[in-house]
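Structure assessment
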Amino acid sequence: MVVSSQEATLPKLLLLGLLFVCCLAELPRFEHAAKPDGSLSFLVVGDWGRKGSYNQSQVALQMGIIGEKLDVDFVISTGDNFYDDGLTGVTDPAFHQSFSDIYTARSLQKQWYIVLGNHDYRGDVEAQLSSTLSDIDSRWLCLRSFILNAGPETAEIFFVDTTPFVTKYFTHPKDHVYDWRGVLPREKYLKNLLLEVESGLRESRAKWKIVVGHHTIKSAGHHGNTDELNMLLLPILQAYNVDFYINGHDHCLEHISSTESPIQFLTSGGGSKAWKNDIKPWNPQEMKFYYDGQGFMSVEMTQADVGIRFYDVLGNELHKFSTTKHLSSAI
Ligand SMILES: *[C@@H]1O[C@H](CO)[C@@H](O)[C@H](O)[C@H]1NC(C)=O
Ligand SMILES: [Zn+2]
């Protein structure tokens, strides 16, 4: 009896093992077509939802103007979508007050690809992830982690849920209550996520690889570097030749070019309240640009080159750079 029951469970265990390998290591995937000429452009804004205050509306206005000029295909949010404590639920009026009624320009009526920030985790996370919000405003697309094939082979953009990486939110939450539904047990969540990101990057055939997360990897701003991401995520980005890591969290605009790897670290966290004069010392050879006021970033890309620009609250261009890849170096 005992022997035969063991024999019966073995194939079941094998099957579960296979399911684990095949199904957990896949992030949800979306596709966004390029323009007819093969190019793509998009805006990146972070740390914004304050019902228009702290210049959120002014930044939105300029995004609309630049968005028109570049004929943007979509918009990326680097998180902290609703201050101070995320949304209370799918009927929270903050969704209209901080999103739908603010980003009203015609050029911004495109798909928004959105990640969660730490402030979003202080509210009802499942509300922001719910399709009800997409029914209310079809621009809204927010998932914890996912992949966007843009072009579809020009860029692969990996959106990574970075808040669960940060230990202090678990050990020292202060008086904040975080909504960890879907995240616990944390170790397993992080391990699976890292495996999923790694396998996605390994299989990527896109010309440009971009990773987007809320938290910083390298930043001279208020929060500075996020140690957990430097330890756990950065080695994967380096191993698979990621071109850009884009984040918010520090309320500034910033471009760091590390001497350790070709990755460019870009912070676009100037969607509303900014921290004036809040900058730590940084190697001037790596620090290409730092602005402690409000604004946003644009990306224009083809298979061969990428151009990045930062703008302030008046739409002035503060910094730009571009980078080129030879088409012949494709895999
Ligand atoms: C709005 O932006 C202007 C121009 O940068 C700045 O002078 C002003 O302090 C900002 N206001 C707020 C509330 O941040
Ligand atoms: Zn944040």
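These numbers were taken from a predicted model, which means no experiment stands behind them. (Residues numbered from 1 in each chain as written. Chains lettered and ligands numbered in written order. Predicted model: local features only at pLDDT ≥ 70, side-chain atom pairs only at ≥ 80, totals over all residues.)

Below, the discussion takes up the overall build of the protein chain. Helix and strand content of the protein chain: 9 helices and 15 strands. The C-alpha radius of gyration of the protein chain comes to 20 Å, within 12% of the 20 Å expected for a compact globule of 331 residues. Its C-alpha atoms give the protein chain principal-axis dimensions of about 80 × 50 × 40 Å. When each of the 331 residues of the protein chain is scored for burial, the buried share is 43%. Sequence separation of 24 or more characterises 74% of the internal contacts of the protein chain that already satisfy a separation of 6 or more. (Helix = DSSP H or I, 4+ residues; strand = E, 2+ residues; numbered from the N terminus. Rg over C-alpha atoms; globule rule 2.2 N^0.38 Å. Buried ≥ 20, exposed ≤ 12 C-beta atoms within 10 Å, placed from the backbone. Contact = placed C-beta atoms within 7 Å.)

Right, let's talk about the nonpolar core for a bit. Among soluble globular proteins, nonpolar side chains are generally buried collectively. Core analysis: the largest hydrophobic core is formed by 77 residues, its most contacted members being L43 and V212. If sequence neighbours within four positions are ignored, L43 has contacts with M63, I66, G67, V72, V75, F296, M297 and S298. (Core = buried A, V, L, I, M, F, W, Y, C linked by C-beta atoms within 7 Å.)

Below, the discussion takes up the sheet that holds strand β5 (residues 140-142). Strand order in the open sheet formed by 7 strands is β5-β4-β3-β2-β13-β14-β15, and the pairing between neighbours is mixed. Sheet topology places β5 and β15 (317-324) at the edges, where each strand pairs with a single neighbour. Taking each pair of neighbouring strands and ignoring which way they run, the sheet shows an average axis angle of 20°. (Pairing = 2+ DSSP bridges. Axes fitted to C-alpha atoms, helices over the stretch in contact; angles between N-to-C directions.)

With 15 residues, helix α2 (residues 56-70) extends 21 Å between its outermost C-alpha atoms, agreeing within 8% with the 21 Å of an ideal straight helix rising 1.5 Å per residue. Along α2, the positions that sit buried rather than exposed are Q56, V59, A60, Q62, M63, G64, I66 and G67. Residues of α2 that are buried in the fold lie against β2 (40-45), β13 (295-301) and β14 (305-312). Immediately downstream of α2, the backbone of D71 shows phi near 50°, a positive value. (Expected span 1.5 Å × (residues − 1).)

Every residue lining ligand 1 is accounted for by Y54, N55, G293, Q294 and V313. In terms of residue class, the shell around ligand 1 is made up of 2 nonpolar, 3 polar and no charged. (Near = placed C-beta within 6 Å. Nonpolar A, V, L, I, M, F, W, Y, C, P; charged D, E, K, R; others polar.)

This part is about the sheet that holds strand β9 (residues 244-247). By definition, the strands of a sheet pair up through backbone hydrogen bonds, in either a parallel or an antiparallel sense. Strand order in this open sheet of 8 strands is β1-β6-β7-β8-β9-β11-β10-β12, and the pairing throughout is mixed. In this open sheet, the two edge strands, each paired with only one partner strand, are β1 (29-33) and β12 (287-291). Going from strand to strand, the sheet's axes swing by 15° on average, the running direction of each strand aside. Direction of pairing for β9 relative to strand β11 (residues 264-268): parallel, over a ladder of 4 bridges. Paired with I246 across the two strands is L266, which belongs to β11. On the sheet, helix α7 (residues 186-203) packs against β6 (146-151), β7 (155-160) and β8 (208-213) and is oriented at approximately 175° with respect to β7.

This part covers the environment of V72. Within the secondary structure, V72 is located in the loop between α2 and β3 (74-77). Sequence separation between V72 and H319 is 247 residues, and the spatial gap between their C-alpha atoms is 19 Å. Leave out the neighbours within four places in its chain, and V72 touches S41, F42, L43, G67, S107 and K110.

A cis geometry characterises the amide bond from G151 onward to P152, with omega recorded as 10°. Within the secondary structure, P152 sits in the loop between β6 and β7. Residue P185 is reached from L184 by a cis peptide bond, and omega for that bond is -5°. Among the structural elements, P185 can be located in the loop between α6 (168-171) and α7. If you check the backbone angles, D47 has positive phi at about 60° while not being a glycine. Within the secondary structure layout, D47 lies in the loop between β2 and α2.

Moving on to the UniProt feature "domain: Calcineurin-like phosphoesterase" (unreviewed entry) in the protein chain. Within the UniProt annotation, "domain: Calcineurin-like phosphoesterase" (unreviewed entry) is assigned to residues 41-252. Between the C-alpha atoms that bound residues 41-252 there is a distance of 22 Å. The span itself is 32% helix and 18% strand. (UniProt positions renumbered as here; feature names shortened; annotations may be inferred.)

In this section: the pairing of β9. Side chains F244 and I246 of β9 all project onto a buried face; the interleaved residues Y245 and N247 project onto the opposite face, where all are buried too. Sheet analysis places β8 next to β9, joined by 3 bridges and oriented parallel. In the sheet register, V211 faces β9, and the bridge partner there is Y245.

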